[in-house]
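# Inside the fold
Residues per chain, in single letters:
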Amino acid sequence: MNSSKPQDADVTPIQAVSKVAELEPNREAPAAMLTTNQGVGIVDNQNTLKAGTRGPSLLEDFIYREKITHFDHERIPERVVHARGHGAHGYFQVYESLAPYTRAHFLQDPAVRTPVFVRFSTVQGSRGSADTVRDVRGFATKFYTQEGIFDLVANNIPVFFIQDAIKFPDLVHALKPEPHNEVPQGSTAHDTFWDYISVTPESAHMIMWAMSDRAIPRSNRMMEGFGVHTFRLVNAEGVSTFVKFHWKPLLGIHGLSWDEAQTLAGRDPDFHRRDLWEAIETGNYPEWELGLQLITEEDMDKLDFDLLDSTKIIPEEIIPVKRVGKMVLNRNPDYFFGETEQVAFHIGHVVPGIDFTNDPLLQGRLFSYTDTQLLRLGGPNFHQIPINRPINPVYNNQRDGFHQHRIYTGRVAYEPNTLAGGLPKEAPPERGFVTYPDAESGPKLRDRSHTFMDHYTQARMFWLSMTQPEQDHIVEAFSFELGRVETVTVRARIVTMLQQVDATLAQRVADNLGLALEGQPGPTASTEVMPSPALSMIGTGNGTIRTRKVAILAADGVDVDGLKAMKEGLEAAGALTKIISVRLGGLVGAQGGPGLPIDATPKTMPSVMFDAVFVPCGPDSLEVLKANGDMLHFVMEAYKHCKPIAAAGYGVDLLRMTGVVQDGVPPQDGVLLAEKGGADKALAQQFVQAIGMHRFWMRADKMQIPA
Ligand code: HDE
């Protein structure tokens, strides 16, 4: 940003964004004429310079050499972790002033809309890996506040694998593809990861989350975010309150089924990236509320775990999450590389009123993020890249370095000075950052507090807080991951670790792996552990079906009135519908009339890309559908993935053919039938309710359908 152009004090995000654009001299405007990077017009962009049409190319061809050199240098190192990501712009607005807790300006004035850029990511895979893998998700938010940049570099899981940053390179080496053969991609289901976990008991709580449905989100729009560490808020009087940051999605917290996630990794590796992009393009702006758990110094001492330990949460039942503001993502990036790839987050980007604690993981991160950007973005001026620039003016005496974009004037690049009138001069304390003066003392040592040593109580709390299907999914996830591990002793060590969490969990996993339990007595965690119901994902989202995708399976001869009535009912409740048929083009209804446009075939949009399925009435339509194997598979797969399915009239016969509906057996949960067909309002209403429940997980135990 050009420091000679200070920003207005109060700007809306849209204004702020356009101001950022205004101040970006290098933002490309579409131009009529092709030029070199030096601005010289290019007359022929299809042929290199040669000595004769069949002769050798000439070294003199500066146009070709400039173009190919630029191309050869297009790739930059991908992030060592969180390489695969996608982002969006938006804004944050606080509901009411948080002045009693913090002097941060953007958290004080409900009229201020602070522009944000968010990047969601997976951790393990490289840039080209699939979106729906089982993994922790990054949820990093850059707030462009009027007092500078604040980055909330969060994950969708509130705890971490390790307690001290010195362990991070080992953890990452263990979880990344193995160094000898670079296998596997986008997965922790391999020996080195589980070997490391098996000798790192502090990871017990984290792996319970990583094996839960949290690690296979239905959408980034439907996941929580957590700052993980305990931070401090500091008010204008210098009073500090400990804080845990949360993002609460207004669409609820929902996961995929594991089978679905794996199929999607092949069918649509961009599933989450596309989902966010489309939601924003269609005006379905995702929203999260910022939540704070606020803890005074005195209350901290009453907790039976250490707030500086990143493997622990504060159960919401003990300290509720206060919802203090809302974030809306409403604009897709224009240029993936320039924005999403080059954005540089850092946990140390804080504004006055937000400060750190002694969490040893947090402290280690404070070093790592700047260091990694130096390599990735090629030097110390990465803050000048448009996506990383603060919206308020930057003045200081830092100069030079790779990729310097600013033209400084004058001879003074030091402070204090008299030659430039003493400018820029230090900020007064009420405007600048003042570190919270926490008193520190103690011997220098490499050790960990005894208050960090209970690794199992909260792992057990997580397990006990899960509903039956959620527990089943955790057992399946451990069985899958350890089933992929080749070294039997590693599998056995993990099962021994699980015995410390819960005897039933350990037994179920051991049974699936064909292992005998080694006579361990059971959890070392206190048997008194209380569940925390807030940890379950079931029933979140207040039944909303906004942006859920419903497939309508139909062919020529379909009952158009019934189809339209259902479509309108679903769309009125906020769902998105697609007509899926055996070919593209228009669909001729039983009632004649103009054809309905077909959106896709089961080959281009299989059932895994939807949340629910409706089969309308129509004898002729049924004949076509039931002769198509992809259509039968569509229904069976949707059933297998526990999705709501509705059918009307002849449509019910398609369900009969697949075995989803069986004569003499009441329909399974989430299977809704209207035998008569027609425009059935009651069916539409019931279907809306069913979709609001997301999935009918218990169905998986009751009736197996091959798919
Ligand atoms: Fe990160 N982490 N991390 N991390 N992290 C990075 O920074 C690191 C940790 C998180 O979309 C890197 O720019 C250390 C916890 C996110 O660009 C790197 C430790 C949490 C992202 C790094 C941790 C996170 C990163 C790699 C242990 C949740 C992606 C590329 C002390 C609160 C940000 C980069 C984006 C990225 C270091 C642990 C979140 C290497 C040393 C805990 C969301 O600097």
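Just so you know, these numbers come straight off a predicted model, no measurement behind them. (Residues numbered from 1 in each chain as written. Predicted model: local features only at pLDDT ≥ 70, side-chain atom pairs only at ≥ 80, totals over all residues. Heavy atoms only, no water.)

This part is about the overall build of the chain. Looking only at helices and strands, the chain features 20 helices and 17 strands. Relative to its length of 707 residues, the chain is compact, with a C-alpha radius of gyration of 28 Å against a globular reference of 27 Å. Across its three principal axes, the chain shows a C-alpha extent of roughly 95 × 80 × 55 Å. Of all 707 residues assigned to the chain, the portion counted as buried reaches 53%. Counting only contacts in the chain whose residues sit at least 6 apart along the sequence, the fraction spanning at least 24 positions is 75%. For the chain, the exposed area adds up to about 32,100 Å²; of that, 55% sits on carbon and sulfur atoms. Looking at the chain, you have 67 positive and 86 negative side-chain charges, and the mean spots of the two groups are 4 Å apart. (Helix = DSSP H or I, 4+ residues; strand = E, 2+ residues; numbered from the N terminus. Rg over C-alpha atoms; globule rule 2.2 N^0.38 Å. Buried < 20%, exposed > 50% of the residue type's maximum accessible area, 1.4 Å probe, protein only. Contact = heavy atoms within 4.5 Å. Areas by Shrake-Rupley, 256 points an atom, 1.4 Å probe, with all protein chains shown as cover. Lys, Arg positive; Asp, Glu negative; His and termini not counted. Charge placed at Lys NZ, Arg CZ, Asp CG, Glu CD.)

Another aspect to go through is the pattern of salt bridges. Under the defined criterion, the tally for this structure stands at 37 salt bridges. Residue aspartate 438 pairs with arginine 232 through a salt bridge whose shortest N-O separation is 3.0 Å. Taken together, the residues span a long stretch of sequence, with aspartate 438 in the loop between helix H10 (360–376) and helix H11 (457–465) and arginine 232 in strand S6 (residues 231–234) at a distance of 206 residues. According to the relative accessible area criterion, arginine 232 is buried, its value standing at 4%. (Salt bridge = Lys/Arg side-chain N within 4 Å of Asp/Glu carboxyl O.)

The subject of this paragraph is the nonpolar core. Phe161, Trp194, Met208, Ile474, Phe478, Leu505 and Val509 are the most contacted members of the largest nonpolar core, which totals 52 residues. Elements with a contribution of two residues or more to this core: helix H3 (168–175), helix H4 (191–198), helix H5 (204–210), H11, helix H12 (468–484), helix H13 (488–499) and helix H14 (503–513). At six residues, H5 tops the list of elements feeding residues into this core. Formed jointly, this core draws a minimum of three residues from each of two domains, domain 1 (85–388) and domain 2 (456–535). Contact partners of phenylalanine 478, with chain neighbours within four places excluded, come to Trp194, Ile207, Met208, Met211, Gly483, Ile494, Leu498, Leu505 and Val509. (Core = buried A, V, L, I, M, F, W, Y, C linked by side-chain atoms within 4.5 Å. Domains from an automatic or database assignment.)

Before going further, it helps to examine the site of the ligand. Taken together, 22 residues are adjacent to the ligand, and Arg79, Arg119, Arg365, Tyr369 and Gln373 come closest. Taking arginine 365, its side chain carries an N or O atom lying 3.5 Å from a nitrogen atom of the ligand. One of the side-chain N or O atoms of glutamine 373 is found 2.9 Å from an oxygen atom in the ligand. At the level of elements, strand S3 (137–145), strand S4 (148–155) and H10 are the ones that each hand at least two residues to the shell around the ligand. Class assignment of the residues belonging to the shell around the ligand gives a composition of 12 nonpolar, seven polar and three charged. (Near = heavy atom within 4 Å. Polar contact = N/O pair within 3.5 Å; in protein donor to acceptor, adjacent residues only side chain to side chain. Nonpolar A, V, L, I, M, F, W, Y, C, P; charged D, E, K, R; others polar.)

Okay, the sheet that holds strand S16 (residues 645–648) next. What links the strands of a sheet is backbone hydrogen bonding, and the strands pair in either a parallel or an antiparallel sense. The strand order S12-S11-S15-S16-S17 describes an open sheet built from five strands, whose pairing is parallel. With one partner strand each, in any of the chains shown, strand S12 (576–580) and strand S17 (671–674) form the two edges of the open sheet. In this sheet, adjacent strand axes meet at a mean angle of 20° when their direction is disregarded. Both strand S11 (residues 549–553) and strand S15 (residues 612–615) contribute to a ladder of three bridges, which runs parallel. Its bridge partner lying in S15, isoleucine 552 is registered against phenylalanine 614. (Pairing = 2+ DSSP bridges. Axes fitted to C-alpha atoms, helices over the stretch in contact; angles between N-to-C directions.)

Buried residues of helix H18 (residues 651–658): Gly651, Val652, Leu654, Leu655 and Thr658, and no others. Here the buried residues of H18 occupy an arc of 155° about the axis, which is enough to place them on one side. Among the structural elements, S11, S15, helix H16 (619–626), helix H17 (629–640), S16 and S17 are those in contact with the buried residues of H18. (Arc of directions from axis to C-beta.)

Moving on, we get to the coordination of the iron atom of the ligand. Only one protein atom coordinates the iron atom of the ligand: Tyr369 (OH), located 1.9 Å from the metal. Assignment of secondary structure puts tyrosine 369 in helix H10. (Donors = N, O, S within 2.8 Å, 3.2 Å for Na, K, Ca; no water.)

Within the structure shown, the criterion is met by 23 aromatic pairs. Seen from their ring centres, tyrosine 335 and phenylalanine 337 are 6.3 Å apart, and the 45° between their planes marks the pair as tilted. Taking relative accessible area as the criterion, tyrosine 335 reaches 53% and is therefore assigned exposed. Feature note: the residues Phe92, Phe106, Phe120, Phe139, Phe143, Phe150, Phe231, Phe245, Trp247 and Trp288 constitute an aromatic cluster, connected by ring pairs. One cation-aromatic arrangement involves arginine 113 over tyrosine 91; the distance from NZ or CZ to the ring centre is 3.8 Å. The ring centre of tyrosine 408 lies 3.9 Å from the NZ or CZ of arginine 399, which sits over that ring. (Phe/Tyr/Trp six-rings, centres within 6.5 Å; stacked < 30°, edge-to-face > 60°. Lys NZ or Arg CZ within 6 Å of the ring centre and 35° of its normal.)

Moving on, we get to the side chain of arginine 119. Assignment of secondary structure puts arginine 119 in strand S2 (residues 114–122). Among buried charged residues, arginine 119 stands out as having no salt bridge; its nearest opposite-charge side chain is glutamate 341, 4.6 Å away. Within the local environment of arginine 119, its side chain forms a polar contact with the backbone oxygen of threonine 340, the two atoms lying 3.4 Å apart.

To continue, consider the domain arrangement of the chain. Each domain of the chain was delimited in the assignment, giving domain 1 (85–388), domain 2 (456–535) and domain 3 (549–693). Just the C-alpha atoms count here: the centres of domain 1 and domain 2 sit 26 Å apart. Each partner contributes residues to the interface: domain 1 has 31 residues there, and domain 2 has 28 residues. Carbon and sulfur atoms make up 67% of the surface buried where domain 1 meets domain 2, a total of about 2,600 Å² over both sides. Area buried by domain 1 at its contact with domain 2 is led by Asp191, Trp194 and Met208, which between them contribute 25% of it. Our count for the domain 1 to domain 2 interface comes out at one salt bridge. In this structure, the salt-bridge partner of arginine 493 is aspartate 195, at a minimum N-O distance of 3.0 Å. Run the count over domain 1 and domain 2 and you get 12 residue pairs in polar contact (both at pLDDT 80 or more). (Buried area = accessible area lost by both parts, 1.4 Å probe.)

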